[in-house]
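# A look at the structure
The lines below spell out each chain.
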Amino acid sequence: MRELSLHILDILENAIEAGATRITLTIEEDSAADRLTIVVRDNGRGMPREMVARVLDPFFTTRQTRHVGLGLPLLAAAAERAGGRLEIESEPGVGTTVTATFQLRHWDRAPLGDLPRTLLAVFLARPPVDLAYVHRVDGREFHCTTAELREALGDVPLTHPRVRAWLQEYLEEGIAGLERPFP
Amino acid sequence: MPKLKSIDDLRKLREEAQQSLKVRVETGTRIIVGMGTCGIAAGARDVMHAILEELDKRHIEAHVETVGCIGMCVHEPLVDIEQAGRPRITYGNIKPDMVPRLIEEHLINGRVVDEWVVGRLSAR
């Protein structure tokens with residue numbers, strides 16, 4: 001995948017498939033430590049230890065539709081290529097936390113890419129999910145939660161065209177305000 | 001410097017949006033975009049946004065959803081269109097620039113774009 005935001009979308013979709021109703025996406029860019037950390041934490045059904053041990057095997061999947069599961073192995077490869085790693089913690093009935101770390105300035109680190117479109121894909125396509133997005137860059141922070149958006153909107157859905165256009169600009173402005181030094 | 005957006009702006013937008021909600025007509029149309037790993041890698045996110053933009057442009061009310069992998073990875077991005085009383089049509093290898101024709105033919109003219117179809121399910 002050409003952008004890390006596509007991997008993020010994939011992991012968020014995994015969380016939704018796992019029945020999560022609350023997901024937190026935290027992105028932390030630390031120039032001094034030369035580290036990018038992406039954490040997706042969900043309250044989905046979780047996995048037993050033996051399943052966690054196998055999810056990085058591309059020929060393991062819980063799906064019945066086909067016999068490969070490439071999402072997590074691809075993210076692990078992207079992290080390892082950029083001097084980082086992927087860690088997965090999970091507990092049945094509690095949820096799963098996926099943590100990917102990257103060397104921020106690594107030549108082979110993919111750009112974060114179009115985060116607003118990734119977030120909107122989740123905001124719009126699955127209204128029942130509560131997504132909290134927290135993004136920190138060298139101490140600056142932008143955060144946005146679907147709970148606060150829904151509270152402000154009342155009975156107007158997030159899918160309303162005017163709301164969607166507003167959200168896209170809100171996310172773009174918020175991320176631009178972080179003054180990210182690297183793509 | 002222009003004023004940055006805040007959640008308070010959204011509260012103001014709510015009233016305007018509520019007015020337009022009253023005149024929007026529910027068409028009973030569902031558009032389902034495959035958003036598994038294979039779909040995402042093939043460009044499903046941009047296809048979904050192209051669909052949303054085209055629906056807005058043409059003032060069409062439809063429910064856009066995502067679904068995981070259904071096993072036809074080679075045909076991703078997949079887009080299903082389901083309308084009450086009609087077969088559910090699965091279109092394959094859809095790119096953003098194909099979306100305007102797809103919406104015009106299928107939703108406005110009521111004609112299936114046969115050359116892009118990879119599956120059909122009878123009406124429920």
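This write-up is about the structure you can find in this document. (Residues numbered from 1 in each chain as written. Chains lettered and ligands numbered in written order. Predicted model: local features only at pLDDT ≥ 70, side-chain atom pairs only at ≥ 80, totals over all residues.)

## Description of helix 1 (residues 4–17) of chain A
Residue and element names in this part refer to chain A. The condition that has to hold: Here a helix means four or more residues in a row that DSSP labels H or I, a strand means two or more in a row labelled E, and each is numbered from the N terminus. The span expected for a helix works out to 1.5 Å for each residue beyond the first. Field definition: a residue is buried when 20 or more other C-beta atoms are found within 10 Å of its C-beta, exposed when 12 or fewer are, and partly exposed for counts in between, with C-beta atoms placed from the backbone.
Between its first and last C-alpha atoms helix 1 spans 20 Å; for 14 residues at 1.5 Å apiece the expected length is 20 Å, and the two agree. Extensive coverage of helix 1 is indicated by the burial of 13 of its 14 residues. One or two residues past the end of helix 1 sits Gly-19, with phi positive at roughly 80°.

## What to know about the interface of chain B and chain A
As a reminder of what qualifies: The contact criterion used is a C-beta to C-beta distance within 7 Å, with each C-beta placed from the backbone. In this classification, the charged set is Asp, Glu, Lys and Arg, the nonpolar set is Ala, Val, Leu, Ile, Met, Phe, Trp, Tyr, Cys and Pro, and all remaining amino acids, among them Gly, are polar.
With 28 residues of chain B in contact, the opposing surface of chain A contributes 32 residues. Listed by contribution, the elements that provide at least two residues to the side of chain B that touches chain A are helix 1 (7–23), helix 2 (37–42), helix 3 (44–57) and strand 2 (63–67) of chain B. Across the side of chain B that touches chain A, the residue classes break down as 15 nonpolar, six polar and seven charged.

## Examining the sheet that holds strand 3 (residues 79–83) of chain B
All names here are of chain B. Put simply, the test is: Strands were regarded as paired on the criterion that DSSP finds at least two bridges between them. Axis definition: a line fit to C-alpha positions, over the contact stretch in the case of helices; interaxial angles, taken between N-to-C directions, run 0 to 180 degrees.
Read across the open sheet, the five strands follow the order 2-1-3-4-5; overall the sheet is mixed. Looking at which strands have only one partner, the edges of the open sheet turn out to be strand 2 and strand 5 (117–121). For this sheet the average axis-to-axis angle between neighbouring strands, irrespective of direction, equals 20°. Bridge analysis of strand 1 (residues 29–34) against strand 3 gives five bridges, and the strand direction is antiparallel. In the strand pairing of strand 3, Val-33 is matched with Val-79. Across the sheet, helix 3 lies against strand 1, strand 2 and strand 3, angled at about 160° from strand 1, the strand it touches most.

## Things to note about the packing of helix 1 of chain A against helix 3 (residues 71–81) of chain A
All names here are of chain A. The criterion, for reference: We call a crossing left-handed when the near helix sits turned anticlockwise from the far one by less than a right angle, and right-handed when that turn is clockwise.
Put simply, helix 1 and helix 3 touch, their axes get as near as 10 Å, and they point 145° apart. Crossing handedness for the pair helix 1 and helix 3: left-handed. Judged by residue contacts, Leu-4, His-7, Asp-10, Ile-11 and Asn-14 of helix 1 engage Gly-71, Leu-74, Leu-75 and Ala-78 from helix 3. A breakdown of the residues in the contact of helix 1 with helix 3 according to their chemical character gives five nonpolar, three polar and one charged.

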